[in-house]
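# Observations on the model geometry
Each chain, letter by letter, is given below.
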Amino acid sequence: MADALALACGSADRARSAVAAWSAQVPSVDRDVVALLTRAREVAKVALVSNATTRLEADLARQGLAGLAHVVVNTARIGVAKPDPRVYGTAADRVGAAPHRCLFVDDTGVNVAAAREAGMTAVHYRRPEDLRTALAPLVGDARSPVRGEACGGSSSPRDRSGPEPPANPR
């Protein structure tokens, strides 16, 4: 990667430094989101679907999140990326559910639309309260405080144009 950036960075050394600095970053984790997913994991299969790099699994482990999802679908490893419909089919297959039994949550509208086209219920995530509302049928009252192990990510509101999320019991 550094070699490819050398010209843009002005030198190979500056490019290597930039890549090293980027690689050392640890994203913040939203503890409310992790707590919600931990609760959901108790009653349903949870898959993490990410257009990440091949470092995703190591990054999750470094942040203590490796066991948060039952399945990780890293598009860098399957050769197609969201919003390609094959990504959603792969995720459903790996959790052992038909797409219409899956709830897909993403912070990018085009990925939400593609999940719907693939037959999933989909929520456009903007803030943790939206995830709490979408998961309420699985984990209980959306207004009750979240308890349990926490760590987390971003957030998004439920896109009300889709149907209510289906339960996806194990």
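Look up: the structure comes first, before these words.
Attention in this report is confined to the structure presented alongside it. (Residues numbered from 1 in each chain as written. Predicted model: local features only at pLDDT ≥ 70, side-chain atom pairs only at ≥ 80, totals over all residues. Heavy atoms only, no water.)

## Some words on the pattern of salt bridges
Defined as follows: Salt bridge criterion: a side-chain nitrogen from Lys or Arg within 4 Å of a carboxyl oxygen from Asp or Glu. For every residue, the accessible area (1.4 Å probe, protein chains only) is compared with the maximum for its type, and the residue is labelled buried under 20%, exposed over 50%, or partly exposed between those bounds.
For the structure on display, the rule yields 8 salt bridges. Here R86 ties to D84 by a salt bridge, and the two come within 2.8 Å at their closest N and O atoms. Where R127 meets D130, a salt bridge forms, and the shortest distance between an N and an O atom there is 3.5 Å. Judged by its relative accessible area of 6%, D130 is buried. A single network of salt bridges, built from pairs that share partners, joins R55, D59 and R62.

## Topic: unusual backbone geometry
Applicable threshold: Labels follow the DSSP assignment, with helices taken as runs of H or I lasting at least four residues and strands as runs of E lasting at least two, numbered in each case from the N terminus.
Here the bond from K82 into P83 is cis, since omega is 15 degrees, no more than 30 degrees from zero. Here P83 shows up in the loop between α5 (75-78) and α6 (85-95).

## What about the side chain of N111?
Cut-off, in case you're wondering: By the criterion applied in these results, polar contacts are pairs of N or O atoms within 3.5 Å in which, for protein atoms, one can donate a hydrogen and the other can accept it, and in which residues neighboring in sequence qualify only through two side-chain atoms. We call two residues in contact whenever any of their non-hydrogen atoms come within 4.5 Å of each other.
Its place among the elements puts N111 in helix α7 (residues 109-117). When its relative accessible area of 5% is taken as the criterion, N111 is described as buried. Here D106 takes part through its side chain, which lies 3.3 Å from a polar atom of the side chain of N111. Non-local contacts of N111, meaning those with residues more than four positions away in its chain, are made with K82, P83, Y88, F104 and D106.

## A word on the packing of aromatic side chains
Threshold: In this scheme Phe, Tyr and Trp rings, the latter by its six-membered ring, pair at centre separations within 6.5 Å, and the angle between planes marks the pair as stacked below 30 degrees, edge-to-face above 60, and tilted otherwise.
Evaluated as defined, the whole model comprises 1 aromatic pair. Seen from their ring centres, Y88 and F104 are 5.1 Å apart, and the 80 degrees between their planes marks the pair as edge-to-face. Of this pair, Y88 sits in helix α6 while F104 sits in strand β3 (residues 103-106), and the two are 16 residues apart along the sequence.

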